[in-house]
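Residues per chain, in single letters:
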Amino acid sequence: QVYRILTILTKPNLRVEICVVAYARVVDWHAYKNLELVLSSTEQKLLRDRIGVVNLFDETMAVGFYELDLSDREQRFVAQEIVHLGHVEPGENMGDCTFNESDFDVPVSWVKGLPRQGMLHLYYIRDADVIKQVRLQGAYDHADSPMMADPSGAWYGEELFGTF
């Protein structure tokens, strides 16, 4: 229903507002990413600013293009989740990757921690078998994820969301 509304409306701010209102009401939250795909890149940025990049990230629906500023704590968290997924999921799953506008292969050392500065651009991709497994069980692997704590040992989100 929300998808149909978005395809009818033309005013960008109204389309973003519909997505914000629908966020907490969508029953199939894994499909929320499909709503984002209807939006223009400007509208997607407005939506990320309103709802938050961490709230919009869904590792079961992680396939797509990412532009992540590693100096931003929330975006760095999403980047760490993507690096973790890339490490545990089989196959070549990070394509057209650049770091600070240079072609780049994500090093294995990033599994333990990412730099705190820089712009990371990449497409996260999965092969058909991985997609099938993720659809059946949810995330590919949660075991021993090193991505929940930063190097100081603080849990991501603790400082950001502790005041809510």
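Cut-off values and rules
Residues numbered from 1 in each chain as written. Predicted model: local features only at pLDDT ≥ 70, side-chain atom pairs only at ≥ 80, totals over all residues. Heavy atoms only, no water. Helix = DSSP H or I, 4+ residues; strand = E, 2+ residues; numbered from the N terminus. Areas by Shrake-Rupley, 256 points an atom, 1.4 Å probe, with all protein chains shown as cover. Pairing = 2+ DSSP bridges. Contact = heavy atoms within 4.5 Å. Axes fitted to C-alpha atoms, helices over the stretch in contact; angles between N-to-C directions. Core = buried A, V, L, I, M, F, W, Y, C linked by side-chain atoms within 4.5 Å. Buried < 20%, exposed > 50% of the residue type's maximum accessible area, 1.4 Å probe, protein only. Patch = residues over 30% accessible without salt bridge, like charges linked within 9 Å, V, L, I, M, F, W, Y side chains within 5 Å. Salt bridge = Lys/Arg side-chain N within 4 Å of Asp/Glu carboxyl O. Parallel < 35°, antiparallel > 145°, perpendicular 65-115°, else oblique. Left-handed = near helix turned anticlockwise from the far one by under 90°. Nonpolar A, V, L, I, M, F, W, Y, C, P; charged D, E, K, R; others polar. Polar contact = N/O pair within 3.5 Å; in protein donor to acceptor, adjacent residues only side chain to side chain.

Novice: Give me the overall build of the protein chain: which residues, what numbers.
Specialist: Of the regular secondary structure elements, the protein chain holds eight helices and four strands. Element order for the protein chain, N to C, with α for helix and β for strand: α-α-α-α-α-β-α-β-β-β-α-α. As displayed, the protein chain has an accessible area near 10000 Å², and 54% of this comes from carbon and sulfur atoms.

Novice: Which residues make up the sheet that holds strand 3 (residues 102–103), and what are the values?
Specialist: Pairing in this open sheet of four strands is antiparallel, and the strands run 1-4-2-3 from one edge to the other. Looking at strand neighbours, the two that pair on one side only are strand 1 (64–69) and strand 3, the edges of this open sheet. Contacts from helix 6 (residues 73–88) reach strand 1, strand 2 (94–99) and strand 4 (119–124), with the element oriented near 135 degrees to strand 1.

Novice: A description of the nonpolar core should follow, citing residues and the corresponding values.
Specialist: One finds Y66, V78, I82, L122 and Y124 to be the most contacted residues of the largest nonpolar core, which totals 21 residues. Counting only elements with at least two residues in this core, the list comes to strand 1, helix 6, strand 2 and strand 4. No other element matches the six residues that helix 6 contributes to this core. When sequence neighbours within four positions are dropped, the list of residues in contact with Y124 reads A62, V63, G64, Y66, I82, L85, G86, E89, N93 and M94. Among the nonpolar cores identified, the runner-up in size contains nine residues, and L6, C19, L35 and I51 belong to it.

Novice: Go over a nonpolar patch on the surface, please, and point to the residues and values.
Specialist: A contiguous nonpolar surface patch, about 280 Å² in accessible area, is contributed by F65, Y123 and I125. Here I125 shows up in the loop between strand 4 and helix 7 (128–137). Overall, the relative accessible area of 39% leaves I125 in the partly exposed class.

Novice: Break down the packing of helix 2 (residues 12–23) against helix 4 (residues 41–51) for me, with residues and values.
Specialist: With their axes 10 Å apart at the nearest point, helix 2 and helix 4 run at an angle of 40 degrees to one another. Between helix 2 and helix 4, the angle is such that the two are oblique. In this structure, helix 2 crosses over helix 4, and the sense of that crossing is right-handed. Note on element contacts: helix 4 touches helix 2 through E43, L46, L47, R50 and I51, opposite P12, N13, R15, V16, E17, C19, V20 and Y23. Here the residues of the contact of helix 2 with helix 4 are counted per class, giving eight nonpolar, one polar and four charged.

Novice: Mind laying out the pairing of strand 2, listing which residues take part and the relevant values?
Specialist: Here strand 2 lies mainly inside the structure; five of its six residues are buried. Two strands pair when backbone bridges link them, and strand 2 and strand 3 are joined in this way by two bridges, in the antiparallel orientation. Residue F99 lies in a different strand from strand 3, and its bridge partner there is S102. Here strand 2 folds back onto strand 3, and the loop between the two strands holds two residues, one of which, N100, carries a positive phi near 50 degrees.

Novice: Can you lay out the side chain of E89 for me, pointing to particular residues and giving the numbers?
Specialist: On the secondary structure map, E89 appears in the loop between helix 6 and strand 2. With relative accessibility at 3%, the residue E89 sits in the buried group. Polar side-chain contacts of E89 include one of 2.5 Å to the side chain of Y124.

Novice: Could you give an account of the environment of E43, with specific residues and numbers?
Specialist: Within the element layout of this structure, E43 appears in helix 4. Taking relative accessible area as the criterion, E43 reaches 5% and is therefore assigned buried. Once the C-alpha coordinates of E43 and R15 are considered, the two residues, 28 residues apart in sequence, prove to be 7.8 Å apart. For E43, the contacting residues outside a window of four places in its chain are P12, R15 and V16. A distance of 2.7 Å separates the side chain of E43 from the backbone nitrogen of S40, its partner in a polar contact.

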